[in-house]
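Fold and contact review
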Amino acid sequence: MSAAVLTAPRSKLPYLVLGGIALAIGAGLWASGLLADILRYRKDIVYLTRQHLVLVAVSGGAAIVSGVAIGIALSRPWMERWAEGAIQAVNMVTSIPTLGKLALMMSLLGIGPLPAIVGLWIATLLPIIRNTYEGLRAVPSHLVDAARGMGMGPAEILRRVELPNALFVMFAGIRTAMAVNVGTAPIAFLIGGGGLGELIFTGIDLQEHGMMLAGAIPTALLAVAVDFLFGQAQYWLVPRGVNPLRNS
Amino acid sequence: MIRLDQLTKTYATPQGTMTAVDRVSFEVHEGETCVLLGPSGCGKTTTLRMINRLVAPTSGKVFIGGRDSDAVDPVELRRGIGYVIQQIGLFPNMTIAENIGVVPRLLGWPEARRRERADALLTLLALPPAQFAHRYPNELSGGQAQRVGVARALAVDPPVMLMDEPFAALDPVNREAIQDEFLRMQRKLRKTILFVSHDIDEAVKMADRIAIFNAGRLVQFAAPDEILAHPADAFVASFVGSDRTLKRLRLIRVRDVMTPMAGGDDAARGPTVSPDDDLRRVAALFLEHGVDDLRCVDAAGILVGRVTRAAVAARLGTEGRQ
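Residues numbered from 1 in each chain as written. Chains lettered and ligands numbered in written order. Predicted model: local features only at pLDDT ≥ 70, side-chain atom pairs only at ≥ 80, totals over all residues.

Each helix and strand in chain A was counted, giving 12 helices and 0 strands. Reading the secondary structure of chain A in the N-to-C direction produces α-α-α-α-α-α-α-α-α-α-α-α. Counting only C-alpha atoms and orienting by the principal axes, one finds that chain A spans roughly 70 × 45 × 25 Å. Partitioning the intrachain contacts of chain A with sequence separation of at least 6 by distance along the chain shows that 74% fall at a separation of at least 24. (Helix = DSSP H or I, 4+ residues; strand = E, 2+ residues; numbered from the N terminus. Contact = placed C-beta atoms within 7 Å.)

All names here are of chain A. Helix α11 (residues 209-237) packs onto helix α9 (residues 154-184) with a crossing angle of 170° between their chain directions and a minimal axis gap of 10 Å. With respect to their mutual orientation, α9 and α11 come out roughly antiparallel. Here Phe168, Phe171, Ile174, Arg175, Met178, Ala179, Val182 and Gly183 of α9 come into contact with α11, specifically with Leu222, Ala223, Val226, Asp227, Phe230, Gly231, Ala233 and Gln234. Along the lines of polarity and charge, the residues of the contact of α9 with α11 split into 11 nonpolar, 3 polar and 2 charged. (Axes fitted to C-alpha atoms, helices over the stretch in contact; angles between N-to-C directions. Parallel < 35°, antiparallel > 145°, perpendicular 65-115°, else oblique. Nonpolar A, V, L, I, M, F, W, Y, C, P; charged D, E, K, R; others polar.)

Looking now at α9(A). With 31 residues, α9(A) extends just 38 Å between its outermost C-alpha atoms, more than 12% less than the 45 Å of an ideal straight helix rising 1.5 Å per residue. In the structure, α9(A) departs most strongly from a straight axis at Leu167(A), where the bend amounts to approximately 55°. (Expected span 1.5 Å × (residues − 1). Bend = angle between axes of the 7 residues up to and from the residue.)

With that settled, consider the interface of chain B and chain A. Each side of the interface is counted separately: chain B has 19 residues, and chain A has 18 residues. For the side of chain B that touches chain A, the secondary-structure elements that each account for two or more residues are α2 (74-79), β6 (81-85) and α4 (102-106) of chain B. For the side of chain B that touches chain A, a count of residues per class yields 12 nonpolar, 5 polar and 2 charged.

Per the domain assignment, the segments of chain B are domain 1 (2-247) and domain 2 (252-318). Between domain 1 of chain B and domain 2 of chain B, the C-alpha centre-to-centre distance is 36 Å. (Domains from an automatic or database assignment.)

All names here are of chain B. An order of β2-β1-β4-β5 is seen for the 4 strands of this open sheet, with the pairing classed as antiparallel. Single-partner strands in this sheet number two, and they are β2 (16-28) and β5 (67-68). Note that strand β1 (residues 2-13) and strand β4 (residues 59-64) share 5 bridges and pair antiparallel. Residue pairing across strands places Ile2 opposite Ile64, the latter belonging to β4. Contacting β1, β2 and β4, helix α1 (residues 44-51) crosses the sheet at an angle of about 115° to β1. (Pairing = 2+ DSSP bridges.)

Next comes the structure, spelled out in structure tokens:
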């Protein structure tokens, strides 16, 4: 698998460019002595990165599972009357800035990791619901008609026809959602959620560049890694016949 | 084999009750192809979809092989009936072999048997399995895709096939080719087929029986030649067109009107026809050469009979009359 991942045609160049930039920045940091400053926080980095990963993994994982489930439910015929209204509501909630969502969560649930995870979960959930719903609705009705006519039941139609054909759009939603999640996770520190935000915000307040970068660099790397991971998942898990990335 | 008894479908609309299909009854025998023909909105597709219960009838019955289809679970019923639609509906997320294997898989066939069946059907439809089995539908041309659509419907060898304008989206050349291929296949397989079409030429070519619909009602149910010779009413007459006599020529073979002769007269010149040609060729030769009779020769070039203008006229004048 890893050899295959490296040869994925469209994903190679951007990561090479990023690698080059990272190398240049690294060299600059080392030359200016900042690298030594950053490495003083090694223990904090390890501890807070772990906390950060828990925030991202729990809120993101919960959002993928629940967002896909809600999106599927909204696309079912028996939900037709409410689906459009529900999607409108989802769009409205999406327009609330994430910082606002976290603040609202703090006022409801107090401070600590729980409101942070719930806030991140909500921020991540919405694009997943929307793309799952739109992806399923975009499956051509004649495919469903053919499936019914051949004797598939509703569950089989969903699993074998609708989901595979919506998967590319669903993955696009998940990728966007996870980018929001990873990008927002540092703010969780502001409501006591911990994570790498602690180094970033404290570093800014104290004007300690080393401390700030000790939080910012792992956060940036994490964002790139998560995007790479879901990009690869999209490339390899969506069947070739319905995957625009693999058709050319 | 398939019997419709007073089959009716009505829809409640804001403007009141709309009758899509009005007390339609007819019977299609085993191994026959029946084309449901009519303008759009005439109820032919709704009738077809009531047979596999994609549309629930308001009243009336469908009997398949003598069994009341109400007594069968709709999902089970559909697995035993081949279904082909105009948009083909190949699943783009599956390979060609997987598409053909959909119903076998629903019925629990093991992988190896599904694979074998897909290969056999692709071969039957002149799509070499080595080349096509692992392609995806978006890598096929329209004609190839519709062949796979037919193969998929034949996967578990169902005795009954329902086809909803299966070839309507193809260009004329491809359509002719796939119709011919389908007719050849049907001569071997002898399926009971209900086939929806809005094209009189296709109906005349494919059908043993034609059911003509207008505004939800069955207005005529007869063999193609009978419909062309004796349209039941003004609607049917206008639907089949003023050139219906020309269309009939396709249905009659030279052997049906020729006077048999044995040997002799080998030296004669001029155009000849084969006993298996249809009368379109005969008529064309009459006009082209200004002659009133033609010699019929078999594949080996031996004279077997002659066909005259009078015999053709007599046939067109009498056939189909009760």
